[in-house]
Amino acid sequence: RKEVEQDPGPFNVPEGATVAFNCTYSNSASQSFFWYRQDCRKEPKLLMSVYSSGNEDGRFTAQLNRASQYISLLIRDSKLSDSATYLCVVRDRGSTLGRLYFGRGTQLTVWP
Amino acid sequence: DTAVSQTPKYLVTQMGNDKSIKCEQNLGHDTMYWYKQDSKKFLKIMFSYNNKELIINETVPNRFSPKSPDKAHLNLHINSLELGDSAVYFCASSQVRALGGEAFFGQGTRLTVV
């Protein structure tokens, strides 16, 4: 059983569309949650942290449901530059000093 | 200033050779990692060091040996390279005990074994 599961996509959407990605995690004791973005042939970069109360950063909204062990990312008004792979990341709590678990990523292509 | 820097960016070498990848972070973080990203794009952890102490050592062939001379550096040495070692290797760092503790990645080293 994978620690973090994501729908791999690909998601192909037109500019201006709203798109949502989902992610589930297996360890109920997980401590911190993030969405990363990885462009082709580049390193992963932090897009946003995910807080229990949900949080928004411009066109991006992240939600966390601890009871269901579920994380989501909503992108409104998609831009061509949003095309990338989005990685769901969960930080463990425990003896491994906060190990990070990465999902396999969801690929998004925004077309004009 | 680059927060996490790794060298080289590209590495092409023959099977059987020994090579090293270097990583340095100037963020003052206490934890550093090596990840391998294969052709299927999955980021798989290899090693993690916290304050120079090895804390995560995944099932990695012992041809791979990390070395952390201080908490700002984590190098990866690979002996007797094989074709299957071809991948992108990412170094990362984080401050584990801080709220959040997100990881910052280097630009990656694209290793090709021929």
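The structure contained in this document is the topic of the report that follows. Quick caveat: nothing in here was measured; it's all calculated off a predicted structure.

### Observations regarding the packing of aromatic side chains
Taken as a whole and assessed by the stated rule, the structure comprises 12 aromatic pairs over all chains. Ring centres of F102(A) and F105(B) lie 5.8 Å apart, and the angle between their planes is 80 degrees; this geometry places the pair in the edge-to-face category. In this pair, F102(A) is assigned in strand β10 (residues 100-102) and F105(B) in strand β10 (residues 104-105), connecting two distinct chains. By the burial criterion, F102(A) is buried, and F105(B) matches it. Linked through ring pairs, F34(A), Y36(A), F102(A), Y33(B), Y35(B), F90(B) and F105(B) together constitute an aromatic cluster. One Lys or Arg, R104(A), reaches over the ring of F42(B) and ends 4.2 Å from the middle of that ring.

### Some details on the interface of chain A and chain B
It is common to report an interface's size as the accessible area lost on association of the parts. On the chain B side, the residues contacting the 19 residues of chain A number 22 residues. The junction of chain A with chain B conceals about 1900 Å² of combined surface from both sides, 56% of it contributed by carbon and sulfur atoms. Put simply, chain A and chain B have zero salt bridges between them. On inspection of chain A and its partner chain B, the count reaches three residue pairs in polar contact (both at pLDDT 80 or more). Mapped onto the side of chain A that touches chain B, the elements with two or more residues apiece are β4 (32-38), β9 (84-91) and β10 of chain A. Per-element tally for the side of chain A that touches chain B: the top contributor is β4(A), with four residues. A per-class count over the side of chain A that touches chain B returns eight nonpolar, five polar and six charged.

### A closer look at the state of the cysteines
Residues and elements named next belong to chain B. The full count for this structure, using the stated rule, is two disulfides over all chains. There is a disulfide in this structure between C23 and C91, and the S-S distance comes to 1.8 Å. Its S-S torsion of about -75 degrees marks the bond between C23 and C91 as left-handed, since a negative value means left-handed. Separated by 68 residues along the polypeptide, C23 in strand β3 (residues 19-25) and C91 in strand β9 (residues 87-94) bring together distant segments of the chain. As far as burial versus exposure is concerned, C23 and C91 are alike and both buried.

### Focus: unusual backbone geometry
Residue P10(A) follows G9(A) across a cis peptide bond; omega there is 5 degrees. Along the chain, P10(A) turns up in the loop between β1 (4-6) and β2 (11-14). Residue P8(B) is bonded to the preceding T7(B) through a cis peptide linkage, with omega at 0 degrees. Positive phi, normally seen in glycine, also occurs at K41(B), with a value near 75 degrees. Within the element layout of this structure, K41(B) appears in the loop between β4 (31-37) and β5 (43-50).

The rules behind each value
Residues numbered from 1 in each chain as written. Chains lettered and ligands numbered in written order. Predicted model: local features only at pLDDT ≥ 70, side-chain atom pairs only at ≥ 80, totals over all residues. Heavy atoms only, no water. Phe/Tyr/Trp six-rings, centres within 6.5 Å; stacked < 30°, edge-to-face > 60°. Helix = DSSP H or I, 4+ residues; strand = E, 2+ residues; numbered from the N terminus. Buried < 20%, exposed > 50% of the residue type's maximum accessible area, 1.4 Å probe, protein only. Lys NZ or Arg CZ within 6 Å of the ring centre and 35° of its normal. Contact = heavy atoms within 4.5 Å. Buried area = accessible area lost by both parts, 1.4 Å probe. Salt bridge = Lys/Arg side-chain N within 4 Å of Asp/Glu carboxyl O. Polar contact = N/O pair within 3.5 Å; in protein donor to acceptor, adjacent residues only side chain to side chain. Nonpolar A, V, L, I, M, F, W, Y, C, P; charged D, E, K, R; others polar. Disulfide = S-S within 2.5 Å.

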